[in-house]
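Architecture at a glance
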Amino acid sequence: MINKLVAVCVFSILFGFQAVAVQAEDSVESRIEHLLEGNRDIEGQFRQVTYDEKGHELQVSKGVFLLAKPNQFVWDSISPFAQRIVSDGTSITVWDVDLEQATIKPLASSIGNSPAALLGQPAAEVLPNYSVTTMGTEKFRLEPKQEQDLFQTLTLSFRNEVITSMSIVDALGQTTVMEFQNVEQHEGVAKENFVLDLPDHVDVIVEGQ
């Protein structure tokens, strides 16, 4: 359950950022927009670790991912158990392979008020709702100005303008750290990559209808 919720939330953040053109001044906001705009069409590997409020490790997962604008992604967890999460830009399908069960839900209702909603809209519209702190040339911390029920802080890190990690502290004090490896950019991929053809034996649950 932790892996499913965090994966949907976190990767919606990455693929959904609709950045506006970088302004002439080198503001913190414009640097974030520029960096994320360059990381919307990417693929690579990930390692995700979730810690409780005391810093104890709760879960570790590894896998591969593919992102493409607008609002499309594939998130494949290979270990500790197989799970595939796919967004075609309109809906998200979460397939728990071992459980032989899949859930399909509208993209908009899935991201809600999560960090995904923060970055799923034009940056110029949503960034004023957050306090942005620069922690280095390519590292930033975002904190909601209004009370949030899903996360306290979101930290983004880049190296040579390539996303390297993301850290989210939620309202319960749990921290999820994502590390991205072997990240490569692409110039767009076929939409068929974001269509999940489920086997007949899989029990499918459709939400939001």
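For the structure given in this document, a descriptive report is provided here.

Definitions and cut-offs
- Residues numbered from 1 in each chain as written.
- Predicted model: local features only at pLDDT ≥ 70, side-chain atom pairs only at ≥ 80, totals over all residues.
- Heavy atoms only, no water.
- Helix = DSSP H or I, 4+ residues; strand = E, 2+ residues; numbered from the N terminus.
- Contact = heavy atoms within 4.5 Å.
- Buried < 20%, exposed > 50% of the residue type's maximum accessible area, 1.4 Å probe, protein only.
- Pairing = 2+ DSSP bridges.
- Axes fitted to C-alpha atoms, helices over the stretch in contact; angles between N-to-C directions.
- Salt bridge = Lys/Arg side-chain N within 4 Å of Asp/Glu carboxyl O.
- Polar contact = N/O pair within 3.5 Å; in protein donor to acceptor, adjacent residues only side chain to side chain.
- Phe/Tyr/Trp six-rings, centres within 6.5 Å; stacked < 30°, edge-to-face > 60°.

Summing up its helical and strand segments, the chain has five helices and 12 strands in all. By sequence separation, contacts in the chain at least 24 residues apart represent 49% of the contacts at least 6 residues apart.

Moving on, we come to unusual backbone geometry. Note that the residue after Ser79, namely Pro80, is joined by a cis bond; omega there is 5 degrees. The backbone of Glu161 shows a phi angle near 70 degrees, a positive value even though the residue is not glycine. Looking at where Glu161 falls in the secondary structure, it is placed in the loop between β9 (151-159) and β10 (162-170). Under the relative-accessibility criterion, Glu161 is labelled partly exposed at 43%.

Our next topic: the sheet that holds strand β4 (residues 83-87). Pairing within the open sheet is mixed, and its 12 strands lie in the order β7-β8-β9-β10-β11-β1-β2-β3-β4-β5-β6-β12. Each of the sheet's edge strands pairs with one partner strand only, and the pair in question is β7 (130-136) and β12 (203-206). Ignoring strand direction, the axes of neighbouring strands in this sheet form an average angle of 15 degrees. Bridge count between strand β2 (residues 57-68) and strand β3 (residues 72-79): seven bridges; the pairing is antiparallel. Its bridge partner lying in β3, Leu67 is registered against Phe73.

Let us look at the pattern of salt bridges. Tallying each qualifying case throughout the model produces four salt bridges. Note that Lys69 is salt-bridged to Asp41, the shortest N-O span being 3.9 Å. Of the two residues, Lys69 sits in the loop between β2 and β3 while Asp41 sits in the loop between α2 (28-37) and β1 (42-51), which places them 28 residues apart along the sequence. For Arg84, the salt bridge goes to Asp76, with nearest N and O atoms at 2.6 Å.

If you trace the backbone, Ser87 turns up in strand β4. Engagement of the side chain of Ser87 in a polar contact is seen with the backbone oxygen of Asn71, the distance being 2.9 Å. One polar contact links the side chain of Ser87 to the main-chain amide nitrogen of Gly89, over a distance of 3.1 Å.

Let us now look at the packing of aromatic side chains. Scanning all chains against the criterion turns up two aromatic pairs. Ring centres of Phe65 and Phe180 lie 5.6 Å apart, and the angle between their planes is 75 degrees; on these two criteria the pair is classed as edge-to-face. With a gap of 115 residues between them, Phe65 in strand β2 and Phe180 in strand β11 (residues 175-185) connect regions that are remote in the sequence.

Without other data, these values stay purely geometric and don't point to any function.
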